[in-house]
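Structural features, examined
Chain residues, written in single-letter form:
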Amino acid sequence: MDSSQLPLDLGHRPALGREDFLIAPCNEVAVAWVDQWPEWPGHALAFYGPSGCGKTHLAHVWRTESAAVFVSVEDLLRVEPTELLKKQGGCILDDIQDDLTRDMELQRKLFHLYNYAREEAGYLLFTGQEAPARWNVSLPDLASRLSAIPSFEMGAPDEFLFEALLVKLFYDRQLTISKEVLRFLVLRLDRSFQAARDIVSVLDQQSLASQREITIPFIKSVLGA
């Protein structure tokens, strides 16, 4: 085998497990807090950072370990807090900031859920682009609760993590790429988890459709570069 090739031979699967989450300085503090559950300093925790930094993936990791449930805005408005936490020990509120600031009823529902979690030793995990303390909510009691939530920033992946992420994503799809191709992508893509997933998915689909190997000329043709 050419030493410049990276052998990637695992089957493709959804990359939302703990083993798929790559740890780097930009996210290691948040990961450490997932590991400390249930010894959290309270009943709520928050991870925040730019889109594509891995917040939702890390929330899935905690979900697997805690048996928590993702709670949508619709769930929060429709279902009573007692029901949301009745069978699950925790709730994940993923990126609800914009909806929350626009909807007073949603703020009231979240306030009741927060209080119920405290009363019943449940847990809430929030994600967003900003820390909950900076969310613009008009319900004073909820604003006070959100301001008290320990919040940990997750940065965009650095070059090392982004390269490792691309390798992992290609690996999952049983794709072999050269080091030159990897470097070409690292230097040209936005450094986000979502950008990495998107380009690997597109290249995989286009490669299969055209029966072509993933080379730099092929990538340029796909990207229109």
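Above this text is the structure in question.
As a starting point, this report considers the structure included with it. Since we're looking at a predicted model, the values are computed, not measured.

1. Description of the nonpolar core
Counting 27 residues, the largest nonpolar core has Leu110, Leu113, Leu124 and Phe126 as the members making the most contacts within it. Contributing elements (two or more residues each) for this core: strand E2 (44-48), helix H3 (73-78), strand E4 (90-94), helix H6 (104-119), strand E5 (123-128) and helix H7 (140-147). Among residues more than four places away in sequence, those in contact with Phe126 are Ala44, Leu45, Ala46, Phe47, Leu93, Leu110, Pro132, Trp135, Leu146 and Ile149. Within the second largest apolar cluster, 25 residues are counted, among which are Leu22, Phe162, Leu165 and Leu166.

2. Section: the pattern of salt bridges
Taken as a whole and assessed by the stated rule, the structure comprises 10 salt bridges. Here Asp75 makes a salt bridge to Arg78, at a shortest N to O gap of 3.1 Å. One end of the pair is Asp75 and the other is Arg78, both in helix H3 and 3 residues apart, which spans about a single turn. The partner of Glu130 in a salt bridge is Arg134, with the nearest N and O atoms 3.6 Å apart. Judged by relative accessible area, which is 61%, Arg134 ranks as exposed. Because the salt bridges share partners, they merge into one network encompassing Glu159, Glu163, Arg183 and Arg191.

3. Examining the sheet that holds E5
In spatial order, the strands read E3-E4-E5-E2-E6; together these 5 strands make up an open sheet with parallel pairing. With partners counted over all chains shown, the strands left at the sheet margins are strand E3 (69-70) and strand E6 (151-153), one partner each. Examined bridge by bridge, E3 and E4 share 2 bridges and lie parallel to one another. Bridging from a neighbouring strand, Phe70 pairs with Ile92 of E4. Strands in contact with H6 are E2, E4 and E5; relative to E5, the strand with the most contacts, it is inclined by about 140 degrees.

4. Focus: the layout of surface pockets
The volume enclosed by the largest pocket comes to roughly 260 Å³. Ser51, Gly52, Lys55, Thr56 and Gln194 are the residues nearest the centre of the largest pocket, which is lined by 15 residues in total. Looking at the lining of the largest pocket, the elements that each hand over two or more residues are helix H2 (55-66) and helix H10 (193-210). Looking at the lining of the largest pocket residue by residue, the class counts come to 3 nonpolar, 8 polar and 4 charged.

5. Concerning the side chain of Gln97
Along the polypeptide, Gln97 turns up in helix H5 (residues 97-102). Overall, the relative accessible area of 12% leaves Gln97 in the buried class. Among the polar contacts listed, one links the side chain of Gln97 to the side chain of Trp135, at a separation of 3.3 Å. Beyond its immediate stretch of four places on either side in the chain, Gln97 contacts Gln129, Glu130 and Trp135.

6. What about the side chain of Gln107?
Its location among the elements puts Gln107 in helix H6. Judged by relative accessible area, Gln107 falls into the buried class, the value being 1%. Separated by 3.0 Å, the side chain of Gln107 and the backbone nitrogen of Ser138 make a polar contact. Non-local contacts of Gln107, meaning those with residues more than four positions away in its chain, are made with Leu100, Thr101, Val137, Ser138, Leu139 and Leu142.

7. Observations concerning the packing of helix H8 (residues 159-172) against H10
Running from amino to carboxyl end, H8 crosses H10 at an angle of 35 degrees, the nearest separation of the two axes being 10 Å. Between H8 and H10 lies a crossing of right-handed hand. For the pair H8 and H10, the contacting residues are Leu161, Phe162, Leu165, Leu166, Leu169 and Phe170 in the first and Phe193, Ala196, Arg197, Ile199, Val200 and Leu203 in the second. Of the residues that constitute the contact of H8 with H10, the class distribution is 11 nonpolar, no polar and 1 charged.

What counts, and where the lines are drawn
- Residues numbered from 1 in each chain as written.
- Predicted model: local features only at pLDDT ≥ 70, side-chain atom pairs only at ≥ 80, totals over all residues.
- Heavy atoms only, no water.
- Core = buried A, V, L, I, M, F, W, Y, C linked by side-chain atoms within 4.5 Å.
- Buried < 20%, exposed > 50% of the residue type's maximum accessible area, 1.4 Å probe, protein only.
- Helix = DSSP H or I, 4+ residues; strand = E, 2+ residues; numbered from the N terminus.
- Contact = heavy atoms within 4.5 Å.
- Salt bridge = Lys/Arg side-chain N within 4 Å of Asp/Glu carboxyl O.
- Pairing = 2+ DSSP bridges.
- Axes fitted to C-alpha atoms, helices over the stretch in contact; angles between N-to-C directions.
- 1 Å grid on protein atoms, 1.4 Å probe; cavity = no way out; pocket = protein on both sides within 12 Å on 5 of 7 lines; lining within 4 Å.
- Points joined across faces, edges and corners; volume = space filled by probe spheres on them.
- Nonpolar A, V, L, I, M, F, W, Y, C, P; charged D, E, K, R; others polar.
- Polar contact = N/O pair within 3.5 Å; in protein donor to acceptor, adjacent residues only side chain to side chain.
- Left-handed = near helix turned anticlockwise from the far one by under 90°.

None of the figures reported here should be taken as evidence of function without further support.
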